[in-house]
Amino acid sequence: MIYVGIDVAKDKHDCCILGPEAEMLFPVFTIQNNRDGFNELFIKMYEVAEDASEIKVGLEATGHYSYNLLGSLIDEGLTTYVINPLHTNLFRKGQSLRKTKTDKVDARTIAMMMFSDRTLKPYSDISYHNEELKSLTRYRFDMVQKRAKLKSSVSRLVNILFPELEKLVPTLHIASVYALLSELPGASYIAECHMTHLKSLLYKASKGRYGDDMAETIRETARTSIGSTMPTKSLELQHTIRQIQAISIDIDEIEYSIDMIMDSMASPITTIPGIANRMGAMIIAEIGDFTRFDNADRVLAYAGISPTTYQSGQLNSSYAHMEKRGSRYLRYALINAAKYVSQWDPRFAAYLAKKRAEGKHYNVAITHVAKKLVRTIYRMELTGDAYRG
């Protein structure tokens, strides 16, 4: 076998090629991140190997910088490994006590890992094509977070301009309230608005839910409001609402694309009560190919949900904390999925109640539910069976 280690960067990649006895077949060389650079790498590899089955290629998981190179390696039919940078860092430190880290050293370290670590699992076509779903779910996550921050800004601004409004409506973040504040951004604007126009505005925006009585209540409250009259804050409120509405449209488009992919995948994960396409897609996307994990505990470790372990001599840690390494997106999805599943499925609800009865804090008990959920999902994805409860 020939072992190739690649240290990925934005504009160039450093490569190291080792032979069957871990001997360097070429000095560590650099290729450009373009088609000519990829071809140069392939030429050198095939100079020392007869076909693709004799080559193992490893590179670190470096986000989008490695995506194009990874695609080319897979299209070439090469057995490719994507390695956690933390794993590479620990391996490099274990090779020497010296603090040595360069791109060329990292390339050789990755090649040596390919040579010595037989537990590594190759990157599959399933994982590669799952990148599209991962990109969408992470993009949606970031957009939802951004919208949540903007909604907090709306609450802050309303508290300055018309604080009494929050007690008159179920929530500030509904279409009728946004329509009202977009046109009349503050108590002073509402107090001066003609009643006929205010009634029409609220009626149309709420689709008939708010009638004359609501319009009169809002205007009378606005006339006695302690809200400040600040044109700059009113302008900020209008702009913030427009941003929320624009982001909401984008999120709808992203969710439609996620639904299309999930429908084509026909994953059994959505048969679990409480897990719909959104949460199920994030879990599936972050885990990728389930066959690359030997068991469910490996998935837990990948998500960073496993407890830390510390033992030395007669000392054993009594308070094991969650590792919180690995994919924060997967950890978020699993913990939140556990909360929903505990509400909708009697078996998981009973398990949560059992852990709570043992004296565990709710957040600790939920992590136990998440572990049970991962084991269930892992078995379902490998067998293709729907959830039976």
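Refer to the structure above for everything that follows.
Cut-offs and rules
- Residues numbered from 1 in each chain as written.
- Predicted model: local features only at pLDDT ≥ 70, side-chain atom pairs only at ≥ 80, totals over all residues.
- Heavy atoms only, no water.
- Helix = DSSP H or I, 4+ residues; strand = E, 2+ residues; numbered from the N terminus.
- Buried < 20%, exposed > 50% of the residue type's maximum accessible area, 1.4 Å probe, protein only.
- Contact = heavy atoms within 4.5 Å.
- Areas by Shrake-Rupley, 256 points an atom, 1.4 Å probe, with all protein chains shown as cover.
- Pairing = 2+ DSSP bridges.
- Axes fitted to C-alpha atoms, helices over the stretch in contact; angles between N-to-C directions.
- Disulfide = S-S within 2.5 Å.
- Phe/Tyr/Trp six-rings, centres within 6.5 Å; stacked < 30°, edge-to-face > 60°.
- Core = buried A, V, L, I, M, F, W, Y, C linked by side-chain atoms within 4.5 Å.
- Arc of directions from axis to C-beta.
- Parallel < 35°, antiparallel > 145°, perpendicular 65-115°, else oblique.
- Left-handed = near helix turned anticlockwise from the far one by under 90°.
- Nonpolar A, V, L, I, M, F, W, Y, C, P; charged D, E, K, R; others polar.

## Remarks on the overall build of the protein chain
Link 1 in the chain: Regarding its fold elements, the protein chain presents 16 helices and 7 strands.
Link 2 in the chain: A buried classification covers 45% of the 389 residues belonging to the protein chain.
Link 3 in the chain: Considering only contacts within the protein chain whose residues lie at least 6 apart along the sequence, 64% involve residues at least 24 apart.
Link 4 in the chain: For the protein chain, the exposed surface amounts to about 20,700 Å²; the carbon and sulfur share of it is 51%.

## Considerations on the sheet that holds strand β2 (residues 12-18)
Link 1 in the chain: The sheet built from 5 strands is open, its strands ordered β3-β2-β1-β4-β5 with mixed pairing. Of all strands in the sheet, those bounded by a partner on one side alone are β3 (29-32) and β5 (79-83). Adjacent strand axes in the sheet meet at a mean angle of 25° when their direction is disregarded.
Link 2 in the chain: In this structure, strand β1 (residues 2-8) lies alongside β2, joined through 6 bridges in antiparallel fashion. Bridged to Tyr3 within β2 is Leu18.

## Remarks on the side chain of Thr240
Link 1 in the chain: Residue position: Thr240 is located in helix α11 (residues 231-265).
Link 2 in the chain: With relative accessibility at 5%, the residue Thr240 sits in the buried group.
Link 3 in the chain: Apart from the residues lying within four places of it in its own chain, the contact partners of Thr240 are Leu150, Ser153, Val154 and Leu157.

## As for the state of the cysteines
Link 1 in the chain: The final tally for this structure, using the stated rule, is 0 disulfides.
Link 2 in the chain: The thiol sulfur of Cys15 is not disulfide-bonded, and the nearest other cysteine sulfur, from Cys16, lies at 9.0 Å.
Link 3 in the chain: Among the residues examined, Cys15 registers a relative accessible area of 0% and is labelled buried.
Link 4 in the chain: Its relative accessible area of 0% is what places Cys16 among the buried residues.

## Quick look at unusual backbone geometry
Link 1 in the chain: Positive phi is not limited to glycine here, since Ala22 has a value of about 65°.
Link 2 in the chain: Positive phi outside glycine occurs at Lys207, with the angle close to 55°.
Link 3 in the chain: Turning to its location among the elements, Lys207 is positioned in the loop between α9 (195-205) and α10 (212-223).

## A short note on the packing of aromatic side chains
Link 1 in the chain: Inspection of the entire model under this criterion finds 7 aromatic pairs.
Link 2 in the chain: Aromatic pair Phe26 and Phe29: ring centres 6.4 Å apart, planes at 80°, arrangement edge-to-face. Phe29 carries the same exposure label as Phe26, and that label is buried.
Link 3 in the chain: On the basis of an interplanar angle of 50° and a centroid distance of 6.5 Å, the ring pair of Phe290 and Tyr378 is categorised as tilted. Residue Phe290 is located in the loop between α12 (277-287) and α13 (296-303), and its partner Tyr378 is located in helix α16 (residues 362-383); the two are separated by 88 residues in the primary sequence. For the pair Phe290 and Tyr378, one class covers both residues: buried.
Link 4 in the chain: Among the aromatic residues, ring-to-ring pairing joins Phe141, Tyr329 and Tyr332 into one connected group.

## Re the nonpolar core
Link 1 in the chain: Core analysis: the largest hydrophobic core is formed by 77 residues, its most contacted members being Ile272, Ile275 and Ile283.
Link 2 in the chain: Listed in part, the 24 residues of the second largest apolar core include Ile6, Cys15, Met45 and Val57.

## Topic: α9
Link 1 in the chain: All buried positions along α9 are accounted for by Met195, Leu198, Leu201 and Leu202. Seen end-on, α9 carries its buried residues on one side only, within an arc spanning 125°. Opposite the packed face of α9, turned more than 90 degrees from it, sit the exposed residues Thr196 and Lys204.
Link 2 in the chain: As for α9, its buried residues are in contact with α7 (175-183), α8 (187-192) and α10.

## Digging into the side chain of Arg147
Link 1 in the chain: Position of Arg147 relative to the elements: it lies in helix α6 (residues 131-161).
Link 2 in the chain: Not counting the four nearest positions on each side in its chain, Arg147 is found in contact with Ile244, Ile247, Ser248 and Ile251.

## Thoughts on the environment of Ala205
Link 1 in the chain: On the secondary structure map, Ala205 appears in helix α9.
Link 2 in the chain: On the basis of relative accessibility, which here comes to 21%, the residue Ala205 falls in the partly exposed class.
Link 3 in the chain: Note: C-alpha distance between Ala205 and Leu180 (25 residues apart in sequence) is 8.0 Å.
Link 4 in the chain: Look past the residues within four positions of Ala205 in its chain and what remains in contact with it is Ala175, Ser176 and Ala179.

## Things to note about the environment of Pro170
Link 1 in the chain: Structurally, Pro170 can be placed in the loop between α6 and α7.
Link 2 in the chain: Using a relative accessible area of 58% as the deciding quantity, one classes Pro170 as exposed.
Link 3 in the chain: In contact with Pro170, other than residues within four places in its own chain, are Arg209 and Tyr210.

## Thoughts on the packing of α11 against α12
When two helices pack together, their arrangement is captured by the angle between the axes and the distance separating the axes.
Link 1 in the chain: Between α11 and α12, the shortest axis-to-axis distance is 10 Å and the interhelical angle comes to 70°. Overall, the two elements α11 and α12 adopt an arrangement that is roughly perpendicular. At the point where α11 passes α12, the crossing takes the left-handed sense. From α11, Glu255, Ile258, Asp259, Met262, Asp263 and Met265 reach across to α12, where they touch Asn277, Arg278, Gly280, Ala281 and Ile284.
Link 2 in the chain: Within the contact of α11 with α12, the residues separate by chemical class into 5 nonpolar, 2 polar and 4 charged.

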